[in-house]
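Residue-level listing of the chains:
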Amino acid sequence: MINSGVKIEVKDFLEQMMPEIWLGSILLLIVMMSSTAAGAFVGVNIGTDLSDLPPASEVVAILKANQITHVRLFDADARMLNALSNTGIEVMVGVTNEEVLGIGESPSVAADWVNKNVAAYLPSTNITAIAVGSEVLTSIPNAAPILVPAMNYLHKALVAANLNYRVKVSTPQSMDIISRPFPPSTASFNSTWNSTIFQLLQFLKNTNSYYMLNAYPFYGYVNGNGIFPIDYALFQPLSSVKQIVDPNTLFQYNSMFDAMVDATYNSIAAFNFSGIKIVVTESGWPWHGGANEPDTTTENARTFNNNLIQRVLNGSGPPSQPSFPINTYIYELFNEDKRPGPDSERNWGLFFTNGTAVYPLSLSSQRISNNSSSVFCISKPGADHDKLQSGLNWACGQGHANCSAIQSGQPCYYPDTVQNHASFAYNDYYQKMRSVGGTCDFDGTAQITSDDPSYGSCTFTGSTNSSSSQVFPPTSSFGPIYPPSASSILGVAGIGSMILAVSVALMLI
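Residues numbered from 1 in each chain as written. Predicted model: local features only at pLDDT ≥ 70, side-chain atom pairs only at ≥ 80, totals over all residues. Heavy atoms only, no water.

1. Description of the overall build of the chain
Link 1 in the chain: Looking only at helices and strands, one finds 14 helices and 15 strands in the chain.
Link 2 in the chain: With 509 residues in all, the chain has 56% of them scored as buried.
Link 3 in the chain: Expressed as a percentage of contacts within the chain between residues at least 6 apart in sequence, the contacts between residues at least 24 apart total 75%.
Link 4 in the chain: Total accessible area on the chain is roughly 20,100 Å²; 51% of this is exposed by carbon and sulfur atoms. (Helix = DSSP H or I, 4+ residues; strand = E, 2+ residues; numbered from the N terminus. Buried < 20%, exposed > 50% of the residue type's maximum accessible area, 1.4 Å probe, protein only. Contact = heavy atoms within 4.5 Å. Areas by Shrake-Rupley, 256 points an atom, 1.4 Å probe, with all protein chains shown as cover.)

Here it is in structure tokens:
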């Protein structure tokens, strides 16, 4: 994600924020899936520039637990592609910027890339798109001449493998290649890129692919230097006398997000192309930043992403293309603590790496108890016996897990094995403590699963059949939240919340 600053010339906006319309509908999760008749979906980007990236299997468990059905990878990591196998999750794989030059200069390199990173995983891993580079025109402009050739070579390799109807090829670009995005009706691409843009649009039209746009109202607002109110960037309602209207079309814009998408549609139309749909490959809001970044708050991030989800899932397009849904990938799943730049660059994540939501997000007026869960922590098959015993002892002791159900004569006593008892204790500890940073590690003997391990009359904490249990409040004498060998401590931003799974039926209501 590149800092994509834009300036929009708008005058006389009220600074007073209108009441938020989603505060009464907080859910402690994100449900991202296709849910409307128009097929609109919200997906998530998965960056890997972090020091404590969970194993691929745990990442996929988090995705499944939250019904996330579309993901974008910035590369073609074999571990993630294998872990996504047989999940049904639609996957956009990425050609890295470092790979673009080689692919754009050699059809054989492109063919090898497709065979290794796409064909080898289909059909079990549901790969549906290849994103060629990341904001190539603005991040590595010297690669512009070979960008479209790289896309062509990749597409021809897909044709040769009879995969071109299943896998689309495109390239994500930032708003920076649009010179004047407001008013949207007169927006156009920077003439510097005319030749490349024309070739790109011709490719997308010929292959029935879509334009990939990285649209960040956060940067539009921050770099706007107070030209417009934050309400506009956060999808918040404006006063009736201060609506934002395109003077040429009289289209009213209720959000900067819609204006950015329409500016791109009109920029495409300026090249006399039509029918090319836009997919927003990145959008989001950082929840934490430095002292000079006052708008990077959990409240703003929560508000933006709540409203973004609601906006996308209503299935409508922007004013100029109302029948084209704005399918969008939120940036991003985890905070990437190794990213350079200001503090905000490292704090776009929706989840901590233990699966806890950074802040609660809403989707509808439905409410789910925050004691529910569809992610479980169990012992790893074949784990070392002594380590399992040590982990079991810690969970039932310092970890304050409720281990009464695995005592003799109780419903979870049988099978009477250390592995079975450890699974129950690990899970009870994890369900109670993950909202304050507890992890599922236990010296490498534990793993996350989305499959309910309950059996017979033995119900694991977090099962939809379990009774609600109160989270044990940490105190100064509580002891460590993590087992001695667990992962490093994660910060929790005030709102520790459990992840919950919601069925597709809820989304269709």
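2. Here's the deal with the sheet that holds strand 3 (residues 70-73)
Link 1 in the chain: Spatially, the nine strands line up as an open sheet ordered 6-5-4-3-2-12-11-8-7, and their pairing is parallel. In the strand order of this sheet, the two ends are held by strand 6 (168-170) and strand 7 (172-174), each with one partner. Taken pair by pair, the neighbouring strands of this sheet meet at an average axis angle of 25°, ignoring direction.
Link 2 in the chain: With three bridges connecting them, strand 2 (residues 42-46) and strand 12 (residues 328-330) associate as parallel partners. Bridge pairing links Val44 to Ile330 in strand 12.
Link 3 in the chain: On top of the sheet, helix 10 (residues 256-269) reaches strand 8 (211-214), strand 11 (278-283) and strand 12; it is set at about 135° to strand 11, its chief contact. (Pairing = 2+ DSSP bridges. Axes fitted to C-alpha atoms, helices over the stretch in contact; angles between N-to-C directions.)

3. Topic: the pattern of salt bridges
Link 1 in the chain: Counted by the stated rule, this structure contains seven salt bridges.
Link 2 in the chain: For the salt bridge of Arg302 with Glu299, the shortest nitrogen-to-oxygen distance reads 2.9 Å. With Arg302 and Glu299 both in helix 11 (residues 298-313), this residue pair falls three residues apart, about one helical turn.
Link 3 in the chain: Judged by its relative accessible area of 5%, Arg302 is buried.
Link 4 in the chain: We classify Glu299 as partly exposed; its relative accessible area is 34%.
Link 5 in the chain: One salt bridge in this structure joins Arg346 and Asp343, with 2.9 Å as the shortest N-O distance.
Link 6 in the chain: We classify Asp343 as partly exposed; its relative accessible area is 35%. (Salt bridge = Lys/Arg side-chain N within 4 Å of Asp/Glu carboxyl O.)

4. Side note on the packing of helix 4 (residues 107-119) against helix 6 (residues 144-160)
Link 1 in the chain: It is at 8 Å that the axes of helix 4 and helix 6 come closest, and there the two elements cross at 55°. One way to sum up the angle between helix 4 and helix 6 is to call them oblique. Considering how the two elements wind past one another, helix 4 and helix 6 form a crossing that is right-handed. Facing Pro107, Ala110, Ala111, Trp113, Val114 and Val118 of helix 4, the residues of helix 6 in contact are Tyr153, Leu154, Ala157 and Leu158. (Parallel < 35°, antiparallel > 145°, perpendicular 65-115°, else oblique. Left-handed = near helix turned anticlockwise from the far one by under 90°.)

5. A short note on the packing of aromatic side chains
Link 1 in the chain: Tallied over the full model, the rule gives 26 aromatic pairs.
Link 2 in the chain: Relative to Tyr219, the ring of Tyr216 lies with its centre 5.6 Å away and its plane at 70°, an arrangement referred to as edge-to-face.
Link 3 in the chain: In this structure Tyr216 comes out as buried when scored by relative accessible area, which is 0%.
Link 4 in the chain: Consider the rings of Phe235 and Phe304, whose centres lie 5.3 Å apart with planes at 50°: the pair is tilted. (Phe/Tyr/Trp six-rings, centres within 6.5 Å; stacked < 30°, edge-to-face > 60°.)

6. Looking at the nonpolar core
Link 1 in the chain: By size, the foremost hydrophobic cluster in this structure holds 110 residues, and its most contacted members are Trp113, Val118, Ile130, Val132, Leu154, Leu201 and Tyr211.
Link 2 in the chain: Broken down by element, the residue count for this core peaks at nine residues, all from helix 6.
Link 3 in the chain: When near neighbours in sequence (up to four residues on either side) are disregarded, Leu154 contacts Val95, Ile103, Ala110, Trp113, Val114, Ile130, Val132 and Val169.
Link 4 in the chain: Counting residues in each nonpolar core, the second largest holds 29 residues, with Phe376, Ala422, Tyr429 and Ile448 among its members. (Core = buried A, V, L, I, M, F, W, Y, C linked by side-chain atoms within 4.5 Å.)

7. Digging into the state of the cysteines
Link 1 in the chain: Summed over all chains, the structure comprises three disulfides.
Link 2 in the chain: Bridging Cys377 to Cys440, the disulfide has an S-S length of 2.1 Å. Negative torsions about the S-S bond denote left-handed disulfides, and the value of about 85° found for Cys377 with Cys440 makes this one right-handed. Note that Cys377 is positioned in strand 14 (residues 376-379) and Cys440 in the loop between helix 13 (418-433) and strand 15 (446-449), a separation of 63 residues in sequence.
Link 3 in the chain: Take Cys440: its relative accessible area is 8%, and that puts it in the buried class.
Link 4 in the chain: Across the chain, the way the bonded cysteines pair up, counted in sequence order, is 1-5, 2-3, 4-6. (Disulfide = S-S within 2.5 Å.)

8. Here we look at the side chain of Asn305
Link 1 in the chain: Along the chain, Asn305 turns up in helix 11.
Link 2 in the chain: Judged by its relative accessible area of 0%, Asn305 falls in the buried class.
Link 3 in the chain: Those residues in contact with Asn305 that sit more than four places away from it in its chain are Gly284, Trp285, Ile330, Leu350, Tyr359 and Leu361.

9. Focus: the confidence of the model for the chain
Low pLDDT marks regions whose predicted coordinates should not be analysed in detail.
Link 1 in the chain: In the predicted model, the chain carries a mean pLDDT of 81, and the fraction of residues at 70 or more is 80%.
Link 2 in the chain: The model gives residues 2-38 a pLDDT under 50, and that stretch makes 137 contacts with residues more than four places away or in other chains.
Link 3 in the chain: Contacts for the low-pLDDT stretch residues 363-373, under 50 throughout, to residues beyond four places or in other chains number 37 contacts. (pLDDT = per-residue confidence, 0-100.)

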